[in-house]
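Structural features, examined
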Amino acid sequence: MRKFLALILTPLALLAGCGGSGTSHSGPPPPPPPPPTQVITPPGPPNAEKIVVDEGPTALTVPAVNTAFISVKVCMPDGTFSSCQTIDHIEVDTGSIGLRIITGLPQPLNPSAGQLTLALPPVPDPNNVSNMLAECYQFADGFSWGSVNKADIYLPVSGESATNVYIHVIGASSAGNPANPTPTNCVPKPPLVTENTVPSFGANGILGVGPFINDCNSVGDCSGNGSAVYYGCTATATPSCAKTTVHLADQLPNPATLFATDKNGVIVELPAVGDSGKVEPVQGTLVFGIGTRSNNGLGGARKLLMCDGSNTAAICMLNGQLLAGTVSASLNGTTYQVSYLDSGSNANFFPTSITKCLAPNDGFLCPSSTTSENATLTGTDGLMVAADFDVANANSLFSPTPCTPNCLVAFSNLAGPGDSSPDSLDLGLSFFFGRNVFTGIEPGPYFAY
């Protein structure tokens, strides 16, 4: 699930989900490996895609910060990879599932650079093949609406590819206008907004390579209890849409699970950026597969097994509900049961008394001096790993403005208040710098670093 915070620098924050089983490990958690031990895989075939952290796509009205992007080649689903369009600035998100791209239609004469204009074939509603499938994807402060279409996808640096992939084309008119009228069960609650454009979404699209195979966490039918809700829309000039039940085979898949060999997880590898941040572009690598090749072994990384949506152990239950994609965290004497590592969050978000910044940066923290937080993560088998991080003054980090052309875009000490998630420690992209962070895909999903 994704949490989008509409702050000054287009922060995209995505919530993750996951699980495990149960022995115990006593004693204090070992420290994570120090940054000097990090080895970043050079981008290239057969499984290493280039990541860049920069100001984001040209259509943004304010620059992005702490957002990792790749490019994806989207093709007509005929297996030839010949009729294609390369979409830049697709956000890398280990906290959601599925490829979602903002459409440049119905303004084909003047789409923003990088927006999708290919006329990809729609996917029929499996319950009524006369209707076309659409999806509403709910975030914490908004929702994205659009059609479900079929495409072949190709990652231009690594060469990883998959055919006949269901993707979410956000803003596609073929799915109708969600605001007129808003489909049942896709009604945003104030101050939620529609995030169907590049400026409101913060990217040209998003590649969800989280710990599950399908976008309803492989434990549901997308019936409306989670972030994804599917609809069947009439194939008419003014489509009428109604909620429909979609089982696993017809949900958006995790694209990584469709690759020929490297399908069991991903590694986000980003360099350390220093206490004052780093100017763009900051380059790293998205490695596909874990233990499938010589360049993607766990090495000394320690596995934190996640809740998987079916584990009924106490660590995976909150208020009678099963948790998915989470581990437990301890910070300042408080346990945060719904915690995770999420490359789609642009900061570390947690409940805190640290002073918030004033508007327009009020989604971030502004302590009078940098503070150190000592957290511990616990997997479902009881394994504990240290997860320490610093919190700097966001106003000082972002200064001076405007900064073009040498904007600071990457910060390891950027944090925000977790006011809307009192049970969560969300370790976002801030935590990823200087570490190789693994997300293992189900069965037995896990984080590791």
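Residues numbered from 1 in each chain as written. Predicted model: local features only at pLDDT ≥ 70, side-chain atom pairs only at ≥ 80, totals over all residues. Heavy atoms only, no water.

1. A word on the state of the cysteines
Note the following rule: In what follows, a disulfide is any cysteine sulfur pair within 2.5 Å.
Applying the stated rule across the entire model yields four disulfides. Note on cysteine connectivity: Cys233 is disulfide-linked to Cys241, with sulfurs 2.1 Å apart. On the sign convention where negative is left-handed, the bridge of Cys233 and Cys241, at about 110° about the S-S bond, is right-handed.

2. What to know about the pairing of strand β4 (residues 68-75)
Selection rule: Categorising residues by exposure relies on relative accessible area from a 1.4 Å probe, with only protein chains included: less than 20% of the type maximum marks a residue as buried, more than 50% marks it as exposed, and the intermediate range marks it as partly exposed. Comment: elements are numbered from the N terminus, with helices defined as DSSP H or I runs of at least four residues and strands as E runs of at least two. Pairs of strands are assigned from DSSP output, requiring at least two bridges between the strands.
With six of its eight residues buried, β4 lies for the most part within the structure. As defined by bridge partners, strand β3 (residues 48-53) adjoins β4 across two bridges and the pair is classed as antiparallel. Of the residues in β4, the one forming a bridge with Val52 is Phe69. The sheet contact formed by β4 and strand β5 (residues 84-93) spans six bridges and is antiparallel. Its bridge partner lying in β5, Phe69 is registered against Glu91. Pairing of β4 with strand β9 (residues 142-154), which is carried by three bridges, proceeds in the antiparallel orientation. Note on β9: the bridge partner recorded for Lys73 is Tyr154.

3. So, empty space enclosed by the protein
The condition that has to hold: Grid spacing is 1 Å over the protein atoms alone, the probe is 1.4 Å, and a cavity is where that probe fits but cannot get out, while a pocket is an open set with protein on both sides within 12 Å along at least five of seven lines and lining residues have an atom within 4 Å of a point. Grid points are joined across faces, edges and corners, and a volume is the space filled by probe spheres set on the points. Only Asp, Glu, Lys and Arg are considered charged in this grouping, and only Ala, Val, Leu, Ile, Met, Phe, Trp, Tyr, Cys and Pro are considered nonpolar; every other residue, Gly among them, is considered polar.
Here the structure, examined in full by the defined rule, presents one cavity of 30 Å³ or more. The calculated volume of the largest cavity comes to roughly 30 Å³. Grouping the amino acids of the lining of the largest cavity by side-chain chemistry returns eight nonpolar, no polar and no charged.

4. Some words on the side chain of Asn214
Definition in use: Pairing of N or O atoms within 3.5 Å defines a polar contact, subject to two protein rules: one partner must be a possible hydrogen donor and the other a possible acceptor, and residues neighboring in sequence count only if both atoms are side-chain atoms. Contacts are residue-level and defined by heavy atoms, with any inter-residue pair within 4.5 Å sufficient.
Counting through the fold element by element, Asn214 comes out in the loop between β12 (205-209) and β13 (228-234). In this structure the side chain of Asn214 is engaged in a polar contact, spanning 3.0 Å, whose partner is the backbone oxygen of Leu248. If we skip the residues at most four places from it in the chain, Asn214 touches Ile97, Leu248, Gln251, Leu252 and Pro253.

5. Describing the pattern of salt bridges
We count it as follows: Criterion for a salt bridge: a side-chain nitrogen of Lys or Arg within 4 Å of a carboxyl oxygen of Asp or Glu.
Under the counting rule described, the total for this entry stands at four salt bridges. In this structure, the salt-bridge partner of Glu135 is Arg100, at a minimum N-O distance of 2.9 Å. A residue pair is termed long-range when its members are at least 10 positions apart, and Glu135 in strand β8 (residues 128-138) and Arg100 in strand β6 (residues 97-102) qualify at 35 residues. Between Asp215 and Arg100 there is a salt bridge, and its shortest N-O distance comes to 3.2 Å. With Asp215 in the loop between β12 and β13 and Arg100 in strand β6, this residue pair connects regions lying 115 residues apart in the sequence. Shared partners join several salt bridges into a network, and the residues in it are Arg100, Glu135 and Asp215.

6. Concerning the packing of aromatic side chains
For any pair of aromatic rings, the description consists of the separation of the ring centres together with the inter-plane angle of the planes. Rule in force here: Aromatic rings from Phe, Tyr and Trp, with only the six-membered ring used for Trp, were paired whenever their centres fell within 6.5 Å, and each pair was classed as stacked if the ring planes differed by under 30 degrees, edge-to-face if by over 60, and tilted otherwise. In our convention, an over-ring charge means Lys NZ or Arg CZ found within 6 Å of a ring centre and within 35 degrees of that ring's normal.
A complete count under the given rule lists seven aromatic pairs for this structure. Seen in terms of ring centroids, Phe259 and Phe288 are 5.0 Å apart; in terms of plane orientation they differ by 90°. Their pairing is edge-to-face. Separated by 29 residues along the polypeptide, Phe259 in the loop between β14 (241-243) and β15 (265-269) and Phe288 in strand β17 (residues 282-288) bring together distant segments of the chain. When sorted by exposure, Phe259 lands in the same class as Phe288, which is buried. Grouped by ring-pair contacts, the aromatic residues Phe364, Phe398 and Phe411 constitute a single cluster. The aromatic ring of Tyr446 is capped on one face by Lys303, whose charged end is 4.3 Å from the ring centroid.

Structural measurements only, silent on function.
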